[in-house]
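Listed below are the residues making up each chain.
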Amino acid sequence: MDFNYSPEDEAFRRQFRSWLEANLPKDRSENPVDSVRAEGEEGWQRRLKWHRTMHEGGWVGISWPKEYGGRGASLMQQMIYNEEMVRSRAPLLVNGLGIMLAGPTIIQWGTEEQKQRYVPKILSAEEIWCQGYSEPNAGSDIASLQTRAVEEGDYFIINGQKVWTSEAHHADWCILLCRTDPDLPRHKGISYLLVDMHSPGVTVRPLVQITGDSNFDEVFFEDVKVPRKNLVGQKNQGWQVAMTTLMFERAGVGGRRDLSAQVKELAALAKMVRRNGTTAWEDSSVRQKLAQFACEAEAFKYTAYRQLTRQLKGLPPGPEGSIIKLGTTELNLRMTNFAMELLGPYSQIDYRAPFAIDRGQWSYRMLASRGSTIAAGSSEIQHNIIGERVLGLPKG
Ligand SMILES: Cc1cc2nc3c(=O)[nH]c(=O)nc-3n(C[C@H](O)[C@H](O)[C@H](O)COP(=O)(O)OP(=O)(O)OC[C@H]3O[C@@H](n4cnc5c(N)ncnc54)[C@H](O)[C@@H]3O)c2cc1C
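Everything numeric here is computed off the predicted structure, so don't read it as measured data. Along each chain, residue indices are assigned from 1 in the same order as the chain's sequence is written. Thresholds applied to this predicted model are a pLDDT of at least 70 for local features of residues and 80 or more for the giving and counting of side-chain atom pairs; totals over whole chains, interfaces and linings are not thresholded and use all residues. The basis for the side-chain values is all heavy atoms of the structure; hydrogens and waters are excluded.

Novice: Residue-level account of the environment of Phe221, with values.
Specialist: By the criteria applied, helices consist of DSSP H or I runs no shorter than four residues and strands consist of E runs no shorter than two, each listed in order from the N terminus. Inspection of the secondary structure puts Phe221 in strand β7 (residues 216–227). On a C-alpha basis, the gap between Phe221 and Arg148 in space is 9.4 Å, while along the polypeptide they are 73 residues apart. Non-local contacts of Phe221, meaning those with residues more than four positions away in its chain, are made with Ile158, Asn159, Gly160, Lys162, Leu176, Val195, Gly201 and Val202. Any pair of residues with heavy atoms lying within 4.5 Å of one another is described as a contacting pair.

Novice: Which residues make up the site of the ligand, and what values go with them?
Specialist: Each residue is tested against the molecule or strand, and it is near if at least one of its non-hydrogen atoms lies within 4 Å. Taken together, 16 residues form the shell around the ligand, and within it Ser134, Ser140, Trp164, Ser378 and Glu380 come nearest. Measuring from a nitrogen atom of the ligand, one finds a side-chain N or O atom of Ser166 at 2.7 Å. Just so you know the grouping, Ala, Val, Leu, Ile, Met, Phe, Trp, Tyr, Cys and Pro go in nonpolar, Asp, Glu, Lys and Arg go in charged, and all remaining residues, Gly too, go in polar. Its residues placed into classes, the shell around the ligand shows six nonpolar, nine polar and one charged. Here a polar contact means two N or O atoms within 3.5 Å. Within protein one must be a hydrogen donor candidate and the other an acceptor candidate, and residues neighboring in sequence count only if both atoms are side-chain atoms.

Novice: With reference to specific residues and values, describe the packing of helix α10 (residues 320–343) against helix α11 (residues 361–374).
Specialist: Across the interface, α10 lies against α11 with an axial gap of 9 Å and an inter-helix angle of 155°. Between α10 and α11, the crossing angle belongs to the class labelled roughly antiparallel. In this structure, the crossing between α10 and α11 has a hand that is left-handed. In this structure, α10 uses Lys325, Thr329, Glu330, Asn332, Leu333, Thr336, Asn337, Ala339, Met340 and Leu343 to contact α11, whose residues at the interface are Trp362, Ser363, Arg365, Met366, Ser369, Arg370, Ser372, Thr373 and Ile374. In the contact of α10 with α11, the residues fall into seven nonpolar, eight polar and four charged. Axis definition: a line fit to C-alpha positions, over the contact stretch in the case of helices; interaxial angles, taken between N-to-C directions, run 0 to 180 degrees. Comment on the angle field: the value is read as roughly parallel under 35 degrees, roughly antiparallel over 145, roughly perpendicular from 65 to 115, and oblique elsewhere. Handedness of a crossing is defined here by the sense of rotation of the near helix relative to the far one, left-handed for an anticlockwise turn of less than a right angle and right-handed for a clockwise turn.

Novice: Could you give me a rundown of α10, with the residues and numbers involved?
Specialist: Every α-helical turn comprises 3.6 residues, leaving residues that sit three or four positions apart pointing alike. For α10, with 24 residues, the first-to-last C-alpha span of 34 Å sits near the 34 Å given by 1.5 Å per residue. Exposure is judged per residue with a 1.4 Å probe applied to protein chains only, and the accessible area is read against the type maximum: over 50% gives exposed, under 20% gives buried, and values in between give partly exposed. Of all 24 residues in α10, 19 are buried, a share of seventy percent or more. Positive backbone phi, approximately 55°, marks Gly344, located one or two places after α10. Working rule for helices: expected span equals 1.5 Å times residues minus one.

Novice: How would you sum up a nonpolar patch on the surface? Please name residues and give values.
Specialist: Patch construction takes residues with relative accessible area above 30% that form no salt bridge. Like charges are linked within 9 Å, and nonpolar side chains (Val, Leu, Ile, Met, Phe, Trp, Tyr) are linked within 5 Å. Areas reported as accessible are Shrake-Rupley estimates using a 1.4 Å probe. Residue values count occlusion only from the protein chains shown. We define a salt bridge as a contact between a side-chain nitrogen of Lys or Arg and a carboxyl oxygen of Asp or Glu at a distance within 4 Å. Together, Val390, Leu391 and Leu393 line one region of the surface with nonpolar side chains, adding up to about 280 Å² of accessible area. By the element assignment, Leu391 lies in the segment after α12 (379–390).

Novice: Could you give me a rundown of the side chain of Thr147, with the residues and numbers involved?
Specialist: Looking at the secondary structure, you find Thr147 in the loop between β1 (129–132) and β2 (148–152). In this structure Thr147 comes out as buried when scored by relative accessible area, which is 1%. Of the polar contacts made by the side chain of Thr147, one reaches the side chain of Glu135; its length is 2.7 Å. Only 3.4 Å separates the side chain of Thr147 from the backbone nitrogen of Gln161, close enough to count as a polar contact. Discounting residues that sit within four places of it in the chain, Thr147 has contacts with Glu135, Ile158, Asn159, Gly160, Gln161, Lys162, Leu177, Cys178 and Arg179.

Structure follows, in structure tokens:
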């Protein structure tokens, strides 16, 4: 691992940093990740506007090939970009699932016509995307999905239901997994379709999360007509395409988390709240706990660097993706639960209440932290992957 940046990378950092300084909204929130809570239509429109500013500046999907509107940026530059976005408290972009999942999958598997049609509008967020994989009886075991697509002339006719579909209420398009041949073995007989969410027969119903937000939905498909040209890859061979999307998801979700900033915020909370006539920070057991979190956050940061090094050497993504996803989401869960201990009885105050300590952010984060241990493959599933593929244990 070489921790030095090349002069080109440093120049790239300066260029992006000065662009951000000139263009960032002045009224942006303290913590962009928390700012999406209870966002509402007005907040969404604000982020959409910011996304378009970034896109006009050429700062969306920077690692995508230039021919599809990206900058062809290196992995190292992508990392610098992520660091600068966090450092400057830049608002989150919209269309995360389009940029992280749909776009790269279409670039890899799509026909030239599909690439030309969909990819530019993903980057510009003219079209928002969602991911229709999970179903009421197919989550971890996605191969048992039952949504049916029956071929009729130039169309597929879709019937079935998806669930936990993030951003479906904003989405114009969906990457949808359907069963096209129920007689084939489970992993075969699945196809990957691009579905217009405004088609007749698509119904989106919001689901309320434990945080009170409604960031995901259940989606019903009733005789929805999808043109055959919206098939990605071959009919009945959608599993391979679906795995490509999952690979991008794990790499994206795992690689983004650096929890060291959150450790510092937790230390600030310990200095703010009082217990036994002094601040919680004065209690050595509290400081030890924070030191433990700090060590773990650093360890995951370097594991992420190790993953980056592998990729820079041209090796395929290693098991680090699962280790980082599992480790950071579980660490986040423990940290937010510890914040509840620090807050004591104040932890029970609704995060929107005027008396909530530290803008209620810890109660909100604690409620949200469970979801991230489930999304993109639950902790148990990551344990299975690490057990089987890293430790070589037999399948359970
Ligand atoms: C915030 C959030 C956003 C999401 N967004 C999307 C989205 O945009 N699109 C989408 O398609 N899905 C989305 N999901 C769904 C997510 O992918 C599933 O919830 C997840 O894969 C688990 O599936 P499940 O909920 O059906 O639980 P199940 O698979 O039924 O699992 C139930 C429990 O059993 C455990 N378990 C299951 N199988 C095994 C096993 N083999 N070994 C050990 N333990 C096991 C699980 O870990 C879990 O604890 C989202 C979920 C969340 C929380």
